[in-house]
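Topology and contacts: notes
Okay, here's what each chain looks like letter by letter:
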Amino acid sequence: RNFLLTKEIADDKALAGDALDDDANGLVVKCNDLTLAWPTQEPVVTGATFELRPGAVVMVAGPVASGKSSLLEALLRELDVVRGSLATAPDCDVVYAPQRPWICNGSIRHNVTAGLALDDDVYRRVLEACDLVAEFDDDAELGERGINVSGGQKARISLARAAYAALTSKRRATVALLDDPVA
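Computed from a predicted model, the values in this text were never measured in an experiment.

**Comments concerning the environment of D137**
- With respect to the element layout, D137 can be found in the loop between α5 (120–129) and β7 (141–142).
- Relative accessible area serves as the criterion here: at 52%, D137 is assigned to the exposed category.
- A sequence separation of 28 residues divides D137 from R109, and the C-alpha atoms of the two residues are 8.8 Å apart.

Right, dumping it as structure tokens:
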């Protein structure tokens with residue numbers, strides 16, 4: 001009910017966010033004194049400041065409900081920035097493997113490529129890396145919401161989807177957000 005009363009977000013703000021300037025010294029993401037909150041709720045993250053460069057591997061750790069997933073949601077532009085700034089490089093793709101994986105009714109290939117053009121070499125490497133080769137063939141059909149696969153298999157399919165998207169990206173920089181992907 002509250003959702004229907006929530007103020008609309010302009011499409012350009014929801015999708016684009018702030019873009020880093022050309023003089024950002026190779027940064028992919030820059031976050032300064034960030035405070036995040038879901039609409040009509042108290043802040044879930046306060047004072048976050050960080051910079052990401054291509055090739056960096058960063059882990060965010062903390063107790064349950066400390067805002068780790070919320071920070072990732074902000075990078076996806078799904079969460080309101082209450083204060084501070086969050087900017088990404090204009091030529092940056094973001095791929096995401098959620099904590100709760102989702103599965104489409106369709107084949108393994110359909111679930112991994114998720115509508116992207118098939119690059120067979122990348123597809124095979126991703127299946128191998130995510131340990132899916134021995135369990136499924138390409139045409140194996142997954143039931144509605146993955147009813148016929150285990151939780152671990154769903155997680156690995158979701159991780160494979162993110163890896164495939166990252167490896168087939170034509171952009172300069174790709175940020176891969178992995179939210180406890182094999183929980």
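**Focus: the side chain of S169**
- Mapped onto the elements of the fold, S169 is located in the loop between α6 (151–167) and β8 (173–178).
- Residue classification places S169 among the buried positions, given a relative accessible area of 18%.
- Excluding anything up to four places from it in sequence, S169 contacts D93 and T174.

**Description of the packing of aromatic side chains**
- In the structure shown here, the tally under the stated rule is one aromatic pair.
- Ring geometry for Y123 and Y164: centres 6.5 Å apart, planes at 80°, overall edge-to-face. Highlighted residues: Y123 in helix α5 and Y164 in helix α6, separated in sequence by 41 residues.
- A relative accessible area of 0% places Y123 in the buried class.
- Take Y164: its relative accessible area is 0%, and that puts it in the buried class.
- Residue placement shows R161 over the ring face of W102; its charged tip is 3.7 Å from the ring centre.

**Section: the nonpolar core**
- Counting 18 residues, the largest nonpolar core has V29, L34, L36, L75, L86 and V175 as the members making the most contacts within it.
- Excluding anything up to four places from it in sequence, L75 contacts V29, L86 and L177.
- Counting residues in hydrophobic clusters, the runner-up holds 16 residues, among them I108, L127, I157 and Y164.

The rules behind the values
Residues numbered from 1 in each chain as written. Predicted model: local features only at pLDDT ≥ 70, side-chain atom pairs only at ≥ 80, totals over all residues. Heavy atoms only, no water. Helix = DSSP H or I, 4+ residues; strand = E, 2+ residues; numbered from the N terminus. Buried < 20%, exposed > 50% of the residue type's maximum accessible area, 1.4 Å probe, protein only. Contact = heavy atoms within 4.5 Å. Phe/Tyr/Trp six-rings, centres within 6.5 Å; stacked < 30°, edge-to-face > 60°. Lys NZ or Arg CZ within 6 Å of the ring centre and 35° of its normal. Core = buried A, V, L, I, M, F, W, Y, C linked by side-chain atoms within 4.5 Å.

Keep in mind these values describe shape, not function.
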